[in-house]
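Okay, here's what each chain looks like letter by letter:
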Amino acid sequence: MSDFRIGHGYDVHKLVESIPLVICEIPINSLKGSLGHSDGDVGLHAICDAILGALALGDLGTYFPSSDLKWKGADSSSFLDDVLRLMDCEGYSINNIDCTIILQSPHINKYIPKMRQNIADACHVNINQISVKATTTDKLGSIGREEGIAASAIVLLKKDSHEH
């Protein structure tokens, strides 16, 4: 394998009333939350898929299938921890992560610094290696109608200089 690997991840969930909205482990003040088998954290799901993709190790569903009841309501940070262990076993570390949250409402810009810090802490990297951005779809499509939320993430992994 090469010294650098790029991976892309994407996740989308339905928004429903009366459940919490959690993005990158941050509770968001919202009337609708992300419906998922786990906690529905689209940000962390996309990041996990990006890391797995960079390593050519499958996807989130390969390791945490929604058909498995043990993942029902699971905290997505545990998924990220497991994916980071797989990455470490492969001899790679995070160079940088760029994640975009696609959500019509509510606006989440004020939560982004905490999201970046959570990801940086979980990945044991500097916050300057983590980008989180937010965008809307200008009221187009299911996300624009506030029926869903999505996230896209790109990660660059670098080969560790020491052998495992």
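Preceding block: the structure.
Worth saying up front: this structure is predicted, and the values here are computed from it rather than measured.

*Asks:* How would you sum up the overall build of the chain? Please name residues and give values.
*Replies:* Summing up its helical and strand segments, the chain has five helices and seven strands in all. In terms of overall size, the chain behaves like a compact globule, its C-alpha atoms giving a radius of gyration of 15 Å where 164 residues would be expected to give roughly 15 Å. For the C-alpha atoms alone, the extent of the chain along its principal axes is close to 50 × 35 × 25 Å. Counting only contacts in the chain whose residues sit at least 6 apart along the sequence, the fraction spanning at least 24 positions is 74%.

*Asks:* Give me the lowdown on the pairing of strand β6 (residues 130-135), citing residues and values where you can.
*Replies:* A regular strand carries its side chains on alternate faces of the sheet. Across six bridges, strand β5 (residues 92-102) lies against β6 in parallel orientation. Bridging across to β6, Thr100 finds its partner in Lys133.

*Asks:* Go over the pattern of salt bridges with me, naming the residues and quoting the values.
*Replies:* Any two side chains of opposite charge can pair, on the condition that their charged atoms come close. Tallied over the entire structure, the rule returns three salt bridges. Close ionic contact of Lys133 with Asp98 constitutes a salt bridge, the shortest N to O distance being 2.5 Å. Taken together, the residues Lys133 in strand β6 and Asp98 in strand β5 connect sequence positions 35 residues apart. Given the relative accessible area of 28%, Asp98 is considered partly exposed. Between Arg145 and Glu147 there is a salt bridge, with the nearest N and O atoms lying 3.1 Å from each other. Take Glu147: its relative accessible area is 38%, and that puts it in the partly exposed class.

*Asks:* Before we move on, could you go through the packing of aromatic side chains and cite the residues and values that matter?
*Replies:* Taken as a whole and judged by the stated rule, the model has two aromatic pairs. Between Tyr63 and Phe64 the ring centres are 6.4 Å apart and the planes differ by 50 degrees, which places this aromatic pair in the tilted class. An angle of 20 degrees between the planes, with centres 4.3 Å apart, marks the rings of Phe64 and Phe79 as stacked. Of this pair, Phe64 sits in the loop between α2 (60-63) and α3 (76-89) while Phe79 sits in helix α3, and the two are 15 residues apart along the sequence. Using a relative accessible area of 3% as the deciding quantity, one classes Phe79 as buried. Each residue in the set Tyr63, Phe64 and Phe79 is aromatic and connected to the rest through ring pairs, giving one cluster.

*Asks:* Got a sec to walk through helix α4 (residues 112-123)? Specific residues and values, please.
*Replies:* Since the α-helix packs 3.6 residues into each turn, any two residues three or four apart lie on the same face. Given a rise of 1.5 Å per residue, twelve residues ought to cover 16 Å, and the 16 Å separating the end C-alpha atoms of α4 matches this to within 8%. Those residues of α4 lying buried are Ile112, Met115, Ile119, Ala120, Ala122 and Cys123. The arc that holds every buried residue of α4, seen down its axis, measures 165 degrees, which confines them to one face. Summarising the geometry of α4, the exposed residues directed more than 90 degrees from the buried face are Pro113 and Lys114. Within two residues after α4, His124 carries a phi angle of roughly 55 degrees, on the positive side.

*Asks:* So, α3: which residues are in play, and what are the values?
*Replies:* Counted at 1.5 Å a residue, the expected span for α3 with its 14 residues is 20 Å, and the 20 Å between its end C-alpha atoms agrees. If you check which residues of α3 are buried, you get Ser76, Ser77, Phe79, Leu80, Val83, Leu84 and Met87. Along the axis of α3, the buried residues cluster in a sector spanning 150 degrees; they form a single face. Along its buried surface, α3 packs onto α1 (42-54), α2, β5, α4 and β7 (148-159). Within two residues after α3, Gly91 carries a phi angle of roughly 85 degrees, on the positive side.

*Asks:* Explain the sheet that holds β5 residue by residue, including any values.
*Replies:* One open sheet holds the five strands; their spatial order is β4-β1-β7-β5-β6, and the pairing between them is mixed. On the outer flanks of this sheet lie β4 (32-35) and β6, each paired with one strand and no other. The mean inter-strand angle of the sheet, taken between neighbouring strand axes irrespective of direction, is 25 degrees. Across four bridges, strand β1 (residues 4-17) lies against β4 in antiparallel orientation. Bridging from a neighbouring strand, Lys14 pairs with Leu35 of β4. Strands in contact with α3 are β5 and β7; relative to β5, the strand with the most contacts, it is inclined by about 145 degrees. Strand contacts of α4: β5 and β6, with the helix running at about 145 degrees to β6, the strand carrying the most contacts.

Cut-offs and rules
- Residues numbered from 1 in each chain as written.
- Predicted model: local features only at pLDDT ≥ 70, side-chain atom pairs only at ≥ 80, totals over all residues.
- Heavy atoms only, no water.
- Helix = DSSP H or I, 4+ residues; strand = E, 2+ residues; numbered from the N terminus.
- Rg over C-alpha atoms; globule rule 2.2 N^0.38 Å.
- Contact = heavy atoms within 4.5 Å.
- Pairing = 2+ DSSP bridges.
- Salt bridge = Lys/Arg side-chain N within 4 Å of Asp/Glu carboxyl O.
- Buried < 20%, exposed > 50% of the residue type's maximum accessible area, 1.4 Å probe, protein only.
- Phe/Tyr/Trp six-rings, centres within 6.5 Å; stacked < 30°, edge-to-face > 60°.
- Expected span 1.5 Å × (residues − 1).
- Arc of directions from axis to C-beta.
- Axes fitted to C-alpha atoms, helices over the stretch in contact; angles between N-to-C directions.

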